[in-house]
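Here is how the chains run, residue by residue.
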Amino acid sequence: MPPTASATDAVWFDHTLLDALSAEARQSSRLRRNRNLHASTDEAVQRLFNAIEPGSYVQPHCHLAADKAETLLMLRGRLGVILFDDAGRITQVHELSAGGCAGVHLQPGLWHSVVALAPGTLFLEVKAGPYVPLTTAERAPWAPMENTADASSYQAMLSALFAAS
């Protein structure tokens with residue numbers, strides 16, 4: 001028989017929680033912040049809210065483990081998703097929004113990055129655990145590392161892909 005849950009075991013995803021997370025992202029030097037819904041990075045399923053602001057740079061990357069597909073589901077704002085081939089050539093760009101195409105499921109080994117296209121952008125991310133930091137092989141060698149001199153101009157180029165949107 002499963003354990004009995006109490007009312008304090010529920011976490012409500014109300015505007016207060018989401019507004020606070022967006023405010024934390026705006027104050028962060030990386031212009032993004034996540035809030036984990038899983039209790040431990042060792043859990044089999046990683047569920048987290050990601051708040052991201054325009055100007056945040058997410059280095060293109062892929063997840064090489066066969067069980068590391070990831071799903072992004074929009075809650076607020078607009079998010080640009082960019083897919084690349086192994087040489088770093090852009091193969092697809094797509095805009096996600098809560099009122100339009102609301103999400104994407106990315107298979108392992110797919111090079112990708114995201115850019116916030118509106119303030120207060122927030123999405124739910126789900127992927128297999130446990131959490132393992134990206135390896136060198138999972139970071140795009142053809143894209144600047146985060147916090148480097150070239151990262152800002154590369155991020156601006158990726159954002160400009162959506163200027164006509």
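Structure: see above.
This report concerns the structure included in the present document. Predicted model only: the values in this text are computed from it and were never measured.

### Brief notes about the environment of Leu 83
Topologically, Leu 83 is positioned in strand E4 (residues 78-84). Distance in space between the C-alpha atoms of Leu 83 and Ala 137 is 17 Å, their sequence separation being 54 residues.

### Digging into the environment of Asn 147
With respect to the element layout, Asn 147 can be found in the loop between strand E8 (121-128) and helix H2 (151-160). Overall, Asn 147 belongs to the exposed group, its relative accessible area being 72%.

### Brief notes about the packing of aromatic side chains
Tallied over the full model, the rule gives four aromatic pairs. On the basis of an interplanar angle of 85 degrees and a centroid distance of 4.9 Å, the ring pair of Phe 13 and Phe 49 is categorised as edge-to-face. With Phe 13 in the segment before helix H1 (15-27) and Phe 49 in strand E2 (residues 45-52), the pair connects residues that are 36 residues apart, well separated along the chain. Residue classification places Phe 13 among the partly exposed residues on the basis of a relative accessible area of 47%.

### Remarks on the pattern of salt bridges
For the structure shown, the criterion picks out nine salt bridges. Close ionic contact of Glu 24 with Arg 33 constitutes a salt bridge, the shortest N to O distance being 3.8 Å. Since its relative accessible area comes to 37%, Arg 33 is described here as partly exposed. Here Arg 78 makes a salt bridge to Glu 95, at a shortest N to O gap of 2.7 Å. In this pair, Arg 78 sits in strand E4 while Glu 95 sits in strand E5 (residues 90-97), placing the two residues 17 residues apart along the sequence.

### Looking at the sheet that holds strand E7 (residues 111-116)
What the three strands build is an open sheet, ordered E5-E4-E7; its pairing is antiparallel. For this open sheet the edge positions go to E5 and E7, each flanked by a neighbour on one side alone. Within the sheet, the average angular offset between the axes of one strand and its neighbour, ignoring direction, is 20 degrees. Sheet topology places E4 next to E5; seven bridges connect them, and they run antiparallel. Bridged to Gly 80 within E5 is Glu 95. Set on the sheet, H2 makes contact with E4, E5 and E7; between it and E7 the angle comes to about 85 degrees.

### Brief notes about the pairing of strand E3 (residues 70-76)
In this sheet, strand E6 (residues 103-106) lies alongside E3 in antiparallel orientation, the contact comprising four bridges. Looking across to E6, one finds that Thr 71 is bridged to His 105. Judged from the six bridges that link them, E3 and E8 form a sheet pairing that is antiparallel. Counted as the bridge partner of Glu 70 is Lys 127 from E8.

Conventions we followed
Residues numbered from 1 in each chain as written. Predicted model: local features only at pLDDT ≥ 70, side-chain atom pairs only at ≥ 80, totals over all residues. Heavy atoms only, no water. Helix = DSSP H or I, 4+ residues; strand = E, 2+ residues; numbered from the N terminus. Buried < 20%, exposed > 50% of the residue type's maximum accessible area, 1.4 Å probe, protein only. Phe/Tyr/Trp six-rings, centres within 6.5 Å; stacked < 30°, edge-to-face > 60°. Salt bridge = Lys/Arg side-chain N within 4 Å of Asp/Glu carboxyl O. Pairing = 2+ DSSP bridges. Axes fitted to C-alpha atoms, helices over the stretch in contact; angles between N-to-C directions. Contact = heavy atoms within 4.5 Å.

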